[in-house]
Amino acid sequence: MRIDLHTHSDVSDGTAPPASVVRDAAAAGLDVVALTDHDTTQGWAEAEQAAREVGIDLVRGLEISCTHQGRGLHLLAYLPDPTHPGLRDLLGRIVEGRSGRVPAMLAQLREAGVAIEQADLDREGSRTAATGRPHVADALVRLGVVASRDEAFRDWLDAGRPGFVDRWAASVTEMVQVVGEAGGVTVVAHPWGRGGRSALPEEEIAVLAAAGLAGIEVDHQDHTEADRARLREVAADLDLVVTGSSDHHGTGKVDHDLGCHTTDPEEYERLLARASAASAASGRDTPEVVQPR
Ligand code: AMP
Ligand code: FE
Ligand code: FE
Ligand code: ZN
């Protein structure tokens, strides 16, 4: 069983439609794929149809932009009821915050000598539920200002760079609880990724576990071997599920091919068991794993 629990389509900042992501996952030899677009469930229906066509298991998920103690943190959520009012309201606020700050970003870039029009982004992000920095990054690449999305973030869009504008995000502890109430489970995404260990100190992982967190994404391209080993120990201490995944973004991110990291089948079963328990406790109508075979 090969299981990849973190991928993006062009309804957020991946480059391929949800159906292509699912078909590509099957072609890459995966047995299970989760679609986890940023802050939206908009790709679920299309992904489900493709999964039934090609015969791959599909976990419906999303990656939610959160904050914890002033730092950004991504939270993977699997199998929540997307009609839960609290979840829907928070996602709406996140998406508004994400796209709402784009005019200010473009104004700052213009000030710094780079002219990008809103229309350029509308084309880039035509399918996306929320235009954000990745779409501005792609426009910078297209204009020839930088060579890649990574370079665009480093030189223009990361905190402290000329195009950076902060935005609203949900409190991660609140989001862990709300996803639980919606009958889903949460896994903290690449906790020691770009920000290193200080992005989420170990003792804070215990705080999230106490709030109801189900797992830690350990095997991820942005984690060093030493960080992975330590995160595995932290997960064992806190009885958290360990996941591994590609964080595939199509051509939007290099070295994140589908299945480049995978989740152990036993850990996957533990995650599903926790999802079933959350679903039962919530009394809500939650999505099942799509299992066409
Ligand atoms: P936003 O939500 O608009 O602030 O954009 C953040 C998103 O941009 C993240 O979720 C990542 O997918 C992507 N991102 C952040 N940093 C980088 C980077 N250095 N290179 C490529 N993509 C990045
Ligand atoms: Fe992304
Ligand atoms: Fe992420
Ligand atoms: Zn991601």
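Look up: the structure comes first, before these words.
In this report, the structure presented in the accompanying data block is examined. (Residues numbered from 1 in each chain as written. Chains lettered and ligands numbered in written order. Predicted model: local features only at pLDDT ≥ 70, side-chain atom pairs only at ≥ 80, totals over all residues. Heavy atoms only, no water.)

### Regarding unusual backbone geometry
- Even without a glycine there, the phi angle at His 190 is positive, about 25°.
- Along the polypeptide, His 190 turns up in the loop between strand 6 (185-188) and helix 9 (202-211).
- Phi is positive for Asp 239, which is not a glycine, with a value near 55°.
- Along the polypeptide, Asp 239 turns up in the loop between helix 10 (225-238) and strand 8 (241-244). (Helix = DSSP H or I, 4+ residues; strand = E, 2+ residues; numbered from the N terminus.)

### Quick look at the packing of helix 3 (residues 85-100) against helix 8 (residues 172-181)
- Their axes nearest at 9 Å, the elements helix 3 and helix 8 cross at an angle of 140°. The angle between helix 3 and helix 8 places the two elements in the oblique class. Note on element contacts: helix 8 touches helix 3 through Glu 174, Met 175, Val 178 and Val 179, opposite Gly 86, Leu 87, Leu 90 and Ile 94.
- Grouping the amino acids of the contact of helix 3 with helix 8 by side-chain chemistry returns six nonpolar, one polar and one charged. (Axes fitted to C-alpha atoms, helices over the stretch in contact; angles between N-to-C directions. Parallel < 35°, antiparallel > 145°, perpendicular 65-115°, else oblique. Contact = heavy atoms within 4.5 Å. Nonpolar A, V, L, I, M, F, W, Y, C, P; charged D, E, K, R; others polar.)

### Focus on the site of ligand 1
- Near ligand 1 you find 13 residues, and of these Arg 98, Arg 101, Arg 133, Asp 150 and Arg 167 are the closest.
- The side chain of Arg 194 places a nitrogen or oxygen atom 3.2 Å from a nitrogen atom of ligand 1.
- Within the side chain of His 249, an N or O atom sits 3.4 Å from an oxygen atom of ligand 1.
- Relative to its unbound accessible area of 500 Å², ligand 1 is 94% covered by the protein chains.
- Structurally, ligand 1 is housed in the largest pocket. (Near = heavy atom within 4 Å. Polar contact = N/O pair within 3.5 Å; in protein donor to acceptor, adjacent residues only side chain to side chain. Areas by Shrake-Rupley, 256 points an atom, 1.4 Å probe, with all protein chains shown as cover. 1 Å grid on protein atoms, 1.4 Å probe; cavity = no way out; pocket = protein on both sides within 12 Å on 5 of 7 lines; lining within 4 Å. Sits in = over half its atoms within 2 Å of the grid points.)

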